[in-house]
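Breakdown of the fold
What follows is each chain in one-letter form.
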Amino acid sequence: MFIPTLVLWLLSASPEAPVTPPVPVEAPPPVMPADVPPLTEAVRVLLRLTIDSGGEVSQVEVRESGGTAFDRAAMAAAMRWRFEPARQGAEPLEVRVDVPVTFEPVAEAMPLAEERSPSVPPASTGSEPPGLAETELPAAPAKPEPPAFSTTVRGQSAAPPPVAVGDFHITVGQLADVPRNSATDLLLLAPGVMLANHGGEGHAETVYLRGFDAGEGKDVEMRLDGVPLNEVSNAHGHGYADTYFIIPELVQSLRVTEGPYDPSQGDFGVAGTVEYQLGLERRGITASASYGSFASRRLSLVWGPPESTAATFVGVLLRQGHGFGPNRAYANAGLMAQTELRLGPETKLRLFGASYGARYASAGVVRETDVVDARLPCEPDADSQFFCLYDPNQGGASQRHIASVELTSRLERGGRFVQQAFAIARQMRSRENFTGFLQDTPPIGEAQRGDNTEQSYQGTTVGMRGRYTPGLTWWGQPQPVELGYVARYDNVHTRARRLRDKGGAPYATVFDNQVRVTNLGAHLSLRGAPLEWLTLRGGVRVDTFLFGVEDLNRPTEDRQGARIPEESVEAYGFFASPRASAEVRLTPRLTWLTSAGLGARSSDAAGLSDAEFAPYARVTSGETGLGWRWGDGPSSLELRSAVFATRVSQDLVFSETTGRNQPIGPSQRLGAFGSARFQWEQHLDVQASLAWARATQPLPGASPWKLWDGAVLPYIPQVLGRVDASWRGSATVARQPVGWSVALGHSAIGPKPLPLDRYSESIFLFDVAARARWRAVELGLSVENLLDARWRESEFNYVSNFRGPDAPASLLATRHFSAGAPRTVRGTLTVYLDLQEDPP
């Protein structure tokens, strides 16, 4: 535990007017370095800050070092501090001050009752703080000795209050120790989430959330620090969102809002919204290299420049491997960089860029009967058959480039104005075969040519978004109003074609569209506390859409004769989505929160008619539950539980004949979840969740209030459990301090309903990791699927024919699956390079 003490010493003053010293306004404390052994005595770092006339810290120097790790922690915190500037009369001054920061052992820390909140202004003292006389400070001659003052700054910045029980602000922190393949796996930290991938290492994950089969993004709004990731009218599925390009080491936190309850949520936020929030706390260079099973290789390099905030970083990630079976090789590379610049005392500019490229092969799905009977073209043993495939011409490629500029200005009376502009260039191509030889209608006398489908998507997205929070106070609540807007334009080419089984040449076009979509949206949110124990929140989101489609796959002739094989379609859409919540504080730690809201999913432009008022899928959702929290410091426990109900006017379910989601009509969900997270000092971090949801399709004419009735929707698991845990400590080996950690990730997935009243088997997966660090070198070992379970990552039930183009097709539906990864072992070497000169 630490106790930073600010001793601010003015180095210049004037006898002509009284000098007012700077006063801390925002001073979040440093974080105890995680990679140092427990302290046995206090560690002191003396910083020299330059505080400009706007109250911002413009420069930080280390005057007395407490060690590299402690220096960096103190400097990183100091760059985030903000002050009321020093003043000579009414004129603000730029001053330099010395700030000693003391990190103390837990036993020496002051009792909690003696802590002072960061918002409490410091008290002035007339005495010189201990040790100040030994500090050599260049004071201006013939000027009076300035007044000294001190304050104790404790606590950490808190996330904004949730709009629902299912609104989670998740700090990754120690849980980054749990083995994960990509940033998408971080979604498992939210309750009720399951991920599946039938397309290969580099294909977007299918997300199951809150009883929804959200596909690769059709029902989950995905954002990266405000940049939208869902792709309109993607050939693989409307709303397709690939997060595989995000470098996990740069993800500082996630906000997962389950349900449409926040007025800022937009298109695709049917099951909820996920926002990745980037940042790199550690300064210096961290280089990591991994090698493991199936020739998997991973090389990452992240850099946080010294004397900069966590918002400035550069990261590079390279991945390559053969995959855990035939036709599963992959290779990808990505770069992400961001810098935060100060344009004045109240304005910050954040520049972000990312580039990514990937190539992967896919094994697709196999028929379970062929696996059992050993009919697949692999060795006859059970394992070889389980991981085998039919069509080697499956896989894909992907490229993505992002640029974003964000300007944040603090206004008078505590207001804030944020403006962001972004641009995205995107290209992807995938090839999948779900049915073998079933869909083709070949020319007379010829055999079937195969059902392999190539889906391609290429285009650009540009847009702006912003929000304005005036510095108002209503009912004693600061900043109760927020106004926001979004403007987005997409210009994309989306196409699907059938490929020959031999040679892979295209022989038929399923669709070929040039799509242009303009989305203009705005939101208003309000918050007030009419009673001490009651807080009300509400707002509305309004969206308009203008669709323009050039259909490039029309026939060359119709009943009236020859025609141009192109056609233009334009349509317009509009929807408004009100949201509200009521928070009742039952006790200082226990809260009852009830939320309700409407959300929407826009139309896939490929299915619109000319001059049509574009329909949209409307979601209506409600939730009520309890939240309890103890502790705001290094030790805390948070518990949440809620029940929810959701109804969607037009749902989508995967279709094996098209390889994408198709509309099926209305659907409904009834569910509940519970979650807990316990953090103890810098040692233990445990998060656990359990969720249940039942998704059904109501009978025609049934009452919308009968959420239990109806046919169960296939492929959606009803029970999901997840545990993530990390334990960190230190030991002495050969008289040398060695830091260590062990981590566990466990997923429990209940039976998934399949068509024809069939159910899949339950799945239990365990992942473990351990690491040890000595000085700048760290060794790690991770094992995923520790028990080497043979599990089916995706399961379907339908008719297919993989026996050949001349074989008679069976009309009986049977189970198909894509195999999940077996036990995977990976070793990692990490080197921490500071590249920073030690202070004299």
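Here the structure is a predicted model, which is why all the values come from computation and not from measurement. (Residues numbered from 1 in each chain as written. Predicted model: local features only at pLDDT ≥ 70, side-chain atom pairs only at ≥ 80, totals over all residues. Heavy atoms only, no water.)

1. A short note on the overall build of the chain
Short version of the rule: By definition, any uninterrupted DSSP run of H or I lasting at least four residues is a helix, any uninterrupted run of E lasting at least two residues is a strand, and each is numbered from the N terminus. Exposure classes here rest on a 1.4 Å probe applied to the protein chains alone. A residue is buried below 20% of its type maximum, exposed above 50%, and partly exposed in between. The contact definition used throughout considers only heavy atoms, calling two residues in contact when any of these lie within 4.5 Å. Residue exposure ignores everything except the shown protein chains as possible cover, and the areas themselves are Shrake-Rupley values with a 1.4 Å probe.
When you go through the chain residue by residue, the secondary structure sums to three helices and 52 strands. Across the 840 residues in the chain, those meeting the buried criterion constitute 53%. For the chain, restricting intrachain contacts to residue pairs at least 6 apart in sequence, the fraction spanning at least 24 positions comes to 67%. With an accessible surface of roughly 35800 Å², the chain has 58% of that area assigned to carbon and sulfur atoms.

2. Focus: the sheet that holds strand β7 (residues 86–88)
Under the convention used in this document: Whether two strands pair depends on DSSP finding at least two bridges between them.
Ordered in space as β2-β7-β8, the three strands form an open sheet in which the pairing is antiparallel. Of all the strands in the sheet, just β2 (19–20) and β8 (91–93) have a single pairing partner and so form its edges. Across two bridges, β2 lies against β7 in antiparallel orientation. Each residue of the ladder has a partner; that of threonine 20, found in β7, is arginine 87.

3. Here we look at the sheet that holds strand β51 (residues 814–819)
Overall, antiparallel pairing links the three strands, which are arranged β25-β51-β50 in an open sheet. A single partner strand is all that each edge strand has here, and the edge strands are β25 (366–367) and β50 (792–798). Inspection of the sheet shows β50 paired to β51 by six bridges, in the antiparallel sense. Its bridge partner lying in β51, arginine 792 is registered against alanine 819.

4. Quick look at the pairing of strand β40 (residues 636–655)
Pairing of strand β39 (residues 617–630) with β40 involves 12 bridges; the strand directions are antiparallel. Residue pairing in the sheet places glycine 627 in a bridge with arginine 640 of β40. Hairpin connection between β39 and β40: a loop of five residues separates the two successive antiparallel strands, and glycine 631 in this loop has a positive phi of roughly 85 degrees.

5. With respect to a nonpolar patch on the surface
Let me state the cut-off plainly: Patch criteria: residues need more than 30% relative accessible area and no salt bridge. Like-charged residues are merged within 9 Å; nonpolar side chains of Val, Leu, Ile, Met, Phe, Trp and Tyr are merged within 5 Å. Salt bridge, as used here, is a side-chain nitrogen of Lys or Arg placed within 4 Å of a carboxyl oxygen of Asp or Glu.
A grouping of Leu411, Phe417, Tyr468, Leu483, Leu524 and Leu526 is seen on the molecular surface, where their side chains present a nonpolar patch of about 460 Å² in accessible area. Along the chain, leucine 483 falls in strand β31 (residues 481–499). The exposure class of leucine 483 is partly exposed, given its relative accessible area of 40%.

6. Some points on empty space enclosed by the protein
Our working definition: Points on a 1 Å grid over protein atoms alone make up a cavity when a 1.4 Å probe fits among them but cannot get out, and a pocket when they form an open set with protein on both sides within 12 Å along at least five of seven lines; lining residues each have an atom within 4 Å of a point. Grid points are joined across faces, edges and corners, and a volume is the space filled by probe spheres set on the points. Gly is placed with the polar residues, together with every amino acid not listed as nonpolar (Ala, Val, Leu, Ile, Met, Phe, Trp, Tyr, Cys and Pro) or charged (Asp, Glu, Lys and Arg).
What the rule picks out here adds up to 11 cavities of 30 Å³ or more. Taken as a whole, the largest cavity encloses approximately 200 Å³ of empty space. Taken together, 19 residues line the largest cavity, and the ones lying closest to its centre are Glu221, Pro228, Asp267, Arg488 and Asn519. Residue assignment for the lining of the largest cavity shows that the elements contributing at least two residues are β16 (220–224), β31, β32 (506–531) and β33 (534–551). Residue classes in the lining of the largest cavity are distributed as eight nonpolar, four polar and seven charged.

7. Things to note about the side chain of serine 635
In this fold, serine 635 is placed in the loop between β39 and β40. The class of serine 635 is buried, set by a relative accessible area of 15%. Here serine 635 is in contact with Trp630, Gln679, Trp680 and Glu681, once residues within four sequence places are set aside.

8. A closer look at the side chain of arginine 722
Keep this limit in mind: Pairs of N or O atoms within 3.5 Å make up the polar contacts considered here, provided that, within protein, one atom can donate a hydrogen while the other can accept it, and that residues adjacent in sequence are counted only when both atoms are side-chain atoms.
Structurally, arginine 722 can be placed in strand β44 (residues 719–733). Judged by relative accessible area, arginine 722 falls into the buried class, the value being 8%. A polar atom in the side chain of arginine 722 sits 2.6 Å from the side chain of serine 747. Not counting chain neighbours up to four residues away, the residues in contact with arginine 722 comprise Val178, Arg180, Leu188, Gln687, Ala688, Ser689, Gly745, His746 and Ser747.

9. Quick word on the packing of aromatic side chains
Inclusion rule: What counts as a ring pair is set by centres within 6.5 Å for rings of Phe, Tyr and Trp (its six-membered ring), and what kind of pair is set by the plane angle: stacked under 30 degrees, edge-to-face over 60, tilted for all other angles. As a reminder, the over-ring test applies to NZ of lysine and CZ of arginine, requiring each to be within 6 Å of the ring centre and within 35 degrees of the ring normal.
As enumerated under the stated definition, the model contains 16 aromatic pairs in all. The structure contains a cluster of three or more aromatic residues connected by ring pairs, namely Phe324, Phe386, Phe387 and Phe817. It is arginine 669 that lies over the ring of phenylalanine 212; its NZ or CZ is 3.8 Å from the centre. The cationic tip of arginine 792 hangs over the ring face of phenylalanine 817; the distance from NZ or CZ to the ring centre is 4.6 Å.

10. Let's talk about the pattern of salt bridges
Note that side chains of opposite charge can pair when their charged atoms are close. As enumerated under the stated definition, the model contains 45 salt bridges in all. For glutamate 231, the salt bridge goes to arginine 426, with nearest N and O atoms at 2.4 Å. With glutamate 231 in the loop between β17 (227–228) and β18 (251–258) and arginine 426 in strand β27 (residues 416–432), the pair connects residues that are 195 residues apart, well separated along the chain. Counted as one network, the salt bridges with shared partners bring together Lys218, Asp219, Arg601, Asp651 and Arg669.

11. Concerning the layout of surface pockets
Roughly 530 Å³ of volume is contained in the second largest pocket. As for the second largest pocket, its lining consists of 21 residues, of which Ser603, Asp604, Gly607, Leu652 and Pro663 are closest to the centre. Examining the composition of the lining of the second largest pocket, we find that four residues originate from one element, strand β41 (residues 660–680), more than from any other. Residues belonging to the lining of the second largest pocket are distributed by class as follows: eight nonpolar, nine polar and four charged.

12. Overview of the confidence of the model for the chain
Definition in use: Each residue gets a pLDDT score, which is the predictor's confidence in that residue and runs from 0 to 100.
Taken as a whole, the chain shows an average pLDDT of 85; of its residues, 88% reach a score of 70 or greater. Ignoring residues within four places in sequence, the model shows residues 107–158, a span with pLDDT below 50, making 83 contacts including any to other chains.

13. Describing unusual backbone geometry
A positive phi angle, close to 55 degrees, is found at alanine 374, a residue other than glycine. Residue position: alanine 374 is located in the loop between α2 (368–372) and α3 (382–386). One non-glycine residue, asparagine 785, lies in positive phi territory at about 55 degrees. Assignment of secondary structure puts asparagine 785 in the loop between β49 (777–784) and β50.

14. Some details on the environment of serine 595
In this fold, serine 595 is placed in strand β37 (residues 590–601). The spatial distance from the C-alpha of serine 595 to the C-alpha of serine 581 is 4.1 Å, given a sequence separation of 14 residues. Setting aside residues no more than four positions away along its own chain, serine 595 makes contact with Val163, Ala164, Tyr261, Ala580, Ser581, Ser621, Gly622 and Glu623.

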